[in-house]
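Here are the chains, one letter per residue:
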Amino acid sequence: MSEQEPRDFIRQIIHDDLESGKHSEIVTRFPPEPNGYLHIGHVMSICLNFGVAAETGGRTFLRLDDTNPGKESPEYVDAIKRDVHWLGFDWEDRLTHASDYFGQLHDSAVRLIELGVAYVDSLSAEEIREHRGTLTEPGTNSPFRDRSVEENLDLFRRMHAGEFGDGEHVLRAKIDMASPNMNMRDPAVYRIRHIPHQNAGDEWCIYPMYDFAHGLSDAYEGITHSLCTLEFEDHRPLYDWFLDQLQPEHRPRQIEFSRLNLAYAITSKRKLSALVEEGIVNGWDDPRMPTIAGMRRRGYPPAAMREFVKRAGVTKKDKLIEMGALETCVRDTLGDVAERRMAVLRPLKVVLTNYPEGQVETMEAMNHPANPEMGTREMPFSRELWIEQDDFMEEAPRKFFRLKPGGEVRLRFGYIIKCDEVIKNDAGEVVELRCSYDPDTRSGTGSSDRKVKGTIHWVSCEHAIDATVRLYDRLFTEANPNAASDFHSVLNPNSLETISARLEPALGELAAGQAVQFERLGYFCADEKDDADEARVINRIVTLRDSWAKLEKQAMQKQG
RNA sequence: UGGGGCGUAGCCAAGCGGUAAGGCAUCGGGUUUUGAUCCCGUGUAUCGCAGGUUCGAAUCCUGCCGCCCCAGCCA
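If you're wondering where the values come from, they're calculated on a predicted model, not measured in any experiment.

Rules and cut-offs
Sequence order as written defines residue numbering, which begins from 1 separately in each chain. Note on labels: chains are lettered from A, ligands numbered from 1, in written order. Owing to the predicted nature of the model, reporting of local features is limited to residues with pLDDT of at least 70; listing and counting of side-chain atom pairs is limited to 80 or more, with chain, interface and lining totals taken over all residues. Note that the side-chain values use all heavy atoms of the structure and ignore hydrogens as well as water. Using a 1.4 Å probe on the protein chains alone, a residue whose accessible area is under 20% of its type maximum counts as buried, one over 50% counts as exposed, and one in between counts as partly exposed. Only DSSP runs of H or I with at least four residues qualify as helices, and only runs of E with at least two residues qualify as strands; both kinds are numbered from the N terminus onward. Note: the arc covers the axis-to-C-beta directions of the helix. The cutoff for a nearby residue is simple: one of its non-hydrogen atoms must lie within 4 Å of the molecule or strand. What qualifies as a polar contact is a pair of N or O atoms within 3.5 Å, subject to a donor-acceptor requirement within protein and to the restriction that residues adjacent in sequence count only when both atoms come from side chains. Put simply, buried Ala, Val, Leu, Ile, Met, Phe, Trp, Tyr and Cys residues joined by side-chain atoms within 4.5 Å make one nonpolar core. In this document the domain limits rely on a domain assignment from an automatic tool or a database. We call two residues contacting when some pair of their heavy atoms lies within 4.5 Å. Two strands are counted as paired when DSSP detects at least two bridges linking them. For helices, the fitted axis covers only the stretch in contact; all axes are lines through C-alpha atoms, and the angles between them, taken along N-to-C directions, range from 0 to 180 degrees. Here's the idea: put two parts together, see how much 1.4 Å probe accessible area each one loses, and the total over both is what we call buried area. Throughout this description, the term salt bridge denotes a Lys or Arg side-chain nitrogen within 4 Å of a carboxyl oxygen of Asp or Glu. Residues are grouped as follows: Ala, Val, Leu, Ile, Met, Phe, Trp, Tyr, Cys and Pro are nonpolar; Asp, Glu, Lys and Arg are charged; every other residue, Gly included, is polar. Reported orientations rely on four angle classes, namely roughly parallel under 35 degrees, roughly antiparallel over 145, roughly perpendicular from 65 to 115, and oblique for the rest. Note: crossing handedness is left-handed where the near helix turns anticlockwise from the far helix by less than a right angle, and right-handed where it turns clockwise. Within 6.5 Å between ring centres, the rings of Phe, Tyr and Trp (the latter by its six-membered ring) count as paired, and their orientation is classed by plane angle as stacked under 30 degrees, edge-to-face over 60, tilted in between. Look at NZ for Lys and CZ for Arg. If either is within 6 Å of the ring centre and within 35 degrees of the ring normal, a charge sits over the ring.

K.L.:
What exactly am I supposed to notice about helix α11 (residues 302-312) here?
P.N.:
When α11 is considered as a whole, its buried residues turn out to be Pro302, Ala304, Met305, Phe308 and Val309. Down the axis, α11 shows its buried residues gathered within 160° of arc, on one side only. Immediately beyond the C-terminal end of α11, within one or two residues, lies Gly313, with a positive phi of roughly 85°.

As structure tokens, then:
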């Protein structure tokens, strides 16, 4: 018997509803409006909705909540479908649109009028706002509130027939203009919009509002639990009110949970599109974007995203989760499966003075240190090599166990070498190291047990592949850029660094979308758009944990 | 000064009247031809505050404080 994982409050409700027999099957829906790209916040909702249904043998609809034409487009619905699939979820034949129900929704609106609980208001939008009152003062009734059922029916029919211009009339629910809940002060139900719809074409010129369409769409689909974020909590009485009036066959229940916010990221659609439009990033799928498309292009595996939201949990408390938590999930899932390779990001030349000129040896390198079954690949070794600039220090602190003048280091899967001479240019910069290798220390041979404190990675100059590598950092300098009055003021100017690197030959065959670990550096993948066989373009997904860098940073801070 | 929510360690989060799980981060240590991984160990948490009920309260009651959301013919 395994321990029961603690249930979040939503799964608890669902569990209870199944146990009590209230429902025999759980049906959920993920209902994005196709007016932008999905982001990290949506990942939570997707995993929750598809997750609870899958766990209980239920079903989930992917419903495009397209009740507001003009803001929505097929480009976004394509992106949404792609992103949900990529995350690992399948709606099978349950792809729907709120617009699929426009006919039923219209009939229900007529029913509301017949019941005497909806009326056509002919006030302007501004007048309606004035009548609404404020948070502390009640609103006042519209002079059109008491129109007869016949007149309302006629007016609504003519709205539908296209006899009026946008904004001339609006259908409103007749509830309570004095309600302390603003949503209950005679909310709009249908408005006139003479623009084509992304799915329904030009069939309609009146469109239902979210509050009216959502609960009924849920009911039509037999949704049992309609899960949404906290800002809709105040809408629940209205959600229930429509269901009370219309008594559909199925009665869905709305439950709210808190959004997931990621530190150093924004999720406002307005700001996200500003980043794109102002050219601050290169598109919605820029690897720095907190969009699903961006994270996919960055190389984050879907399993890591799922694990991340699982660890975050489902509650009603506002969360601002540290970036490190996501990165840990990415490292955790990539660590087991990513093959290891070697690449030098900032090359420094090493010449092995005692290594025969023209000689090339083949070193066997493991593709994964913990999984020998993942095989090996061959790495050419020669007299001239590239090593990382960071792996050499002329005046090194005692705990620095990489290369230093007179010091020794092991070349991973190669030989132990010793630094004999440092070559500098006129500016005094180190441009080359003259080293000697110990022929008895070849990796894997019996006599190779000699220990040195450090092991560094390398690439043979003659055999190296040139590549452009993009190093990404957080887009913002503030943990909560959402709170900044102007997000431009908290942009990280160094969120992208492009460098020219040298790769080991095996990386010539790096497949698109395949993540690899560059040993001692991090996880990388070929960019899905810009990479080509002739010109490699590689993204850094995430660095490895680096306790040496941490020590260095602490030392720097101590010095002031 | 209206209504609706939320407050458990730096960030998440269990807990549902019987004396504070876990994850991430942090800090130690071990293993290691990736300073990675892995493995151990590491937290005086005034359970927002103050009262009350109770043998016993993070859990129940009262009052207060703080934060979030709501005045679209957006979702």
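Moving on, there is more to tell.
K.L.:
Please explain the protein's contact with RNA strand B as it appears in this structure.
P.N.:
In the region of RNA strand B, 65 residues are neighbours, and Lys319, Phe401, Arg402, Arg545 and Ser547 sit closest. A distance of 3.1 Å separates a base nitrogen of RNA strand B from a polar atom in the backbone of Leu135. The side chain of Asp318 places a nitrogen or oxygen atom 3.4 Å from a sugar or linking oxygen of RNA strand B. Secondary-structure elements contributing two or more residues to the surface near RNA strand B are α5 (125-131), β6 (188-192), α11, β11 (319-321), α12 (323-337) and α13 (547-559). Sort the elements by how many residues they give to the surface near RNA strand B and α13 lands first, with 4 residues.

K.L.:
Help me understand the nonpolar core, please; the structure alone is not making it clear to me.
P.N.:
Looking at soluble globular proteins, one finds that nonpolar side chains tend to be buried together. With 49 residues, the main nonpolar core has Ile46, Val84, Phe308 and Ile541 as its most contacted residues. A per-element tally of this core places helix α2 (residues 40-55) first, with 8 residues. Both of domain 1 (9-257) and domain 2 (269-298 + 316-339 + 467-559) provide at least three residues apiece to this core. Phe308 has contacts with Ile40, Leu260, Leu262, Ile321, Ala325, Leu326 and Cys329, leaving out every residue within four places of it along the chain. Membership of the second largest hydrophobic core comes to 35 residues, among which are Ala173, Ile175, Leu238 and Leu246.

K.L.:
Explanation requested: the sheet that holds strand β1 (residues 27-30) in the structure shown.
P.N.:
Note on sheets: strands pair through backbone hydrogen bonds, and any given pair is parallel or antiparallel. Overall, parallel pairing links the 3 strands, which are arranged β1-β2-β3 in an open sheet. Because the sheet does not close on itself, it has two edges, and the strands there are β1 and β3 (95-97). Mean inter-strand twist for the sheet, computed between neighbouring axes without regard to direction, equals 35°. Both strand β2 (residues 59-64) and β3 contribute to a ladder of 3 bridges, which runs parallel. Each residue of the ladder has a partner; that of Leu64, found in β3, is His97. Strand contacts of helix α3 (residues 74-86): β1, β2 and β3, with the helix running at about 155° to β2, the strand carrying the most contacts. Helix-sheet contacts for helix α7 (residues 210-221) involve β1, β2 and β3, and the interaxial angle to β2 is about 140°.

K.L.:
What exactly am I supposed to notice about the domain arrangement of chain A here?
P.N.:
Many descriptions give the size of an interface as the accessible area lost when the pieces come together. On domain assignment, one finds that chain A holds domain 1 (9-257), domain 2 (269-298 + 316-339 + 467-559) and domain 3 (343-457). Computed from C-alpha atoms alone, the centre-to-centre distance between domain 1 and domain 2 is 37 Å. Opposite the 19 residues of domain 1 that make contact, domain 2 presents 12 residues. Summing the contributions of domain 1 and of domain 2, the shared interface buries around 1400 Å²; its carbon and sulfur component is 70%. Counting every contact that joins domain 1 to domain 2 gives 3 salt bridges. At the boundary of domain 1 with domain 2, the tally comes to 5 residue pairs in polar contact (both at pLDDT 80 or more). Those elements that place two or more of their residues in the side of domain 1 that touches domain 2 are α2 and α3. Residues belonging to the side of domain 1 that touches domain 2 are distributed by class as follows: 10 nonpolar, 4 polar and 5 charged.

K.L.:
Got a minute to help me understand the sheet that holds strand β14 (residues 347-352) in this structure?
P.N.:
Ordered in space as β21-β18-β19-β20-β14-β17-β22, the 7 strands form an open sheet in which the pairing is mixed. Either end of the sheet is taken by a strand with one partner, and the two such strands are β21 (455-456) and β22 (458-460). Here 2 bridges tie strand β18 (residues 408-411) to β21, and the two strands are oriented parallel to one another. Along β21, the bridge assignment pairs Leu411 with Ile456.

K.L.:
Is there a simple way to think about the packing of α11 against α12 in this case?
P.N.:
For any two helices packed against each other, one specifies the inter-axial angle together with the distance between the axes. Remark: α11 packs on α12, axes separated minimally by 8 Å, with the N-to-C direction vectors making an angle of 135°. Comparing the axis directions of α11 and α12 gives the class oblique. Between α11 and α12 the crossing geometry is right-handed. Every residue of α12 that contacts α11 at Ala303, Ala304, Glu307, Phe308 and Arg311 is listed here: Ala325, Leu326, Thr328, Cys329, Val330, Asp332 and Thr333. Its residues assigned to classes, the contact of α11 with α12 shows 7 nonpolar, 2 polar and 3 charged.

K.L.:
What am I meant to see in the packing of aromatic side chains here?
P.N.:
For any pair of aromatic rings, the description rests on two quantities: the centre-to-centre distance and the angle between the ring planes. Throughout the structure, instances matching the rule amount to 19 aromatic pairs. Centroid distance Phe518 to Phe524: 4.1 Å. Interplanar angle 15°. Geometry classified as stacked. By the burial criterion, Phe518 is buried, and Phe524 matches it. Linked through ring pairs, Phe156, Tyr190, Phe212, Trp241 and Phe242 together constitute an aromatic cluster. For Arg474, the ring lying beneath its charged end belongs to Tyr264, and the centroid distance is 3.7 Å. Here the basic side chain of Arg502 rests over the ring of Trp386, its NZ or CZ set 4.7 Å away from the ring centre.

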